[in-house]
Amino acid sequence: MIDILICGIFGHMGRNVLELVNADAETRCVAGVDLKKGELCGVPVYDCFADVKENVNAVIDFSCAANLGNILDFAARTGCAVILATTGYTDAQLAQIEKASEHIPVFKTANLSVGINLLQKLVKESAALLGNAFDVELIEKHHNLKKDAPSGTAYMLAESVNEAFGGEKNYVCGREGLVGARKNTEIGIHAVRGGTIVGEHEVMFAGEDEIVTISHSARSKKVFAAGAVKAAKFMYGKPAGKYNMQDVLAGK
Ligand SMILES: NC(=O)c1ccc[n+]([C@@H]2O[C@H](COP(=O)([O-])OP(=O)(O)OC[C@H]3O[C@@H](n4cnc5c(N)ncnc54)[C@H](O)[C@@H]3O)[C@@H](O)[C@H]2O)c1
């Protein structure tokens, strides 16, 4: 049995993950951490990692980027794996994750859905085939409660496109005013917020007189929760290092 702690357990994603962790025969949720202590479906919830008494194999985190240090400290102290699903990390925090992965098994992805990970491959291939003759613009749409913009997934997809260009492109987030003609070195990223949209990502390759669009639409938060459980099972017994959804799908 894989013992899991869910960080951000009272949140939208935390509750979805709890349901799937407890429904899976190989996993169980032994504790939660959130801003307030309490209990959820019989699981003790703590307001700080120092109070956690349970033995934990993996932390699944869907809380907030500012909580990163507490999670990495807990993993370093207990030897558990971490599944970082939270988005909005700064460059300094990304460097901190990189460093931590030298002694902790760290899984990190901005998007846990299988479909988005397929999209990553498709947009990279498309960019390599279409080249500089096509302008790449990304449009992402999310619910009105999302805190960070553009989404971590939009950046992840932009990175995949940029890999095909040897990392030469710059990201331009939104445009306003007299910005002048679009430069060939740009990848435009645009964030739409409204209602209860779970998550939509569209990568548009606009050429002369033709447009290729590749898109993904998440219809429920369950796709991310299912990916988190899959990741926790994949990480069981893994040595220190950095892992992502591509590793899970490849069964590495
Ligand atoms: N990687 C993915 O596939 C994926 C999918 C969906 C959401 N997300 C990300 O997951 C995060 C959470 O999303 P959500 O929709 O569940 O948000 P939410 O606001 O509903 O839930 C966040 C929870 O974390 C708790 N929290 C905040 N700060 C905390 C702290 N310092 N310590 C402990 N708990 C804390 C909040 O009290 C809340 O219960 C966001 O960053 C979101 O972008 C990632």
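Note that the coordinates shown come from a computational prediction; the quantities given were computed from them, not determined experimentally.

Asker: Would you explain the packing of helix H1 (residues 12-23) against helix H6 (residues 222-235) in this entry?
Answerer: When two helices pack together, their arrangement is given by the angle between the helix axes and the distance between those axes. Across the interface, H1 lies against H6 with an axial gap of 9 Å and an inter-helix angle of 55 degrees. Compared by their axis directions, H1 and H6 come out oblique. Crossing angle aside, the handedness with which H1 passes H6 is right-handed. Residues Met13, Asn16, Val17, Leu20 and Val21 of H1 form the contact with H6, whose participating residues are Lys222, Phe224, Ala225, Ala226, Ala228 and Val229.

Asker: Just to check I follow, could you spell out the domain arrangement of the chain for this structure?
Answerer: Many structure descriptions define interface size as the accessible area lost when the parts assemble. Looking at the assigned domains, one finds that the chain contains domain 1 (2-108 + 221-250) and domain 2 (114-218). Using C-alpha coordinates to define each centre, domain 1 is positioned 28 Å away from domain 2. If you look at the interface, domain 1 gives 8 residues, while domain 2 gives 8 residues. Those elements that provide at least two residues to the side of domain 1 that touches domain 2 are H6 and helix H7 (245-250). Examining the composition of the side of domain 1 that touches domain 2, we find that 3 residues originate from one element, H7, more than from any other.

Here is what the cut-offs are and how they apply
- Residues numbered from 1 in each chain as written.
- Predicted model: local features only at pLDDT ≥ 70, side-chain atom pairs only at ≥ 80, totals over all residues.
- Axes fitted to C-alpha atoms, helices over the stretch in contact; angles between N-to-C directions.
- Helix = DSSP H or I, 4+ residues; strand = E, 2+ residues; numbered from the N terminus.
- Parallel < 35°, antiparallel > 145°, perpendicular 65-115°, else oblique.
- Left-handed = near helix turned anticlockwise from the far one by under 90°.
- Contact = placed C-beta atoms within 7 Å.
- Domains from an automatic or database assignment.

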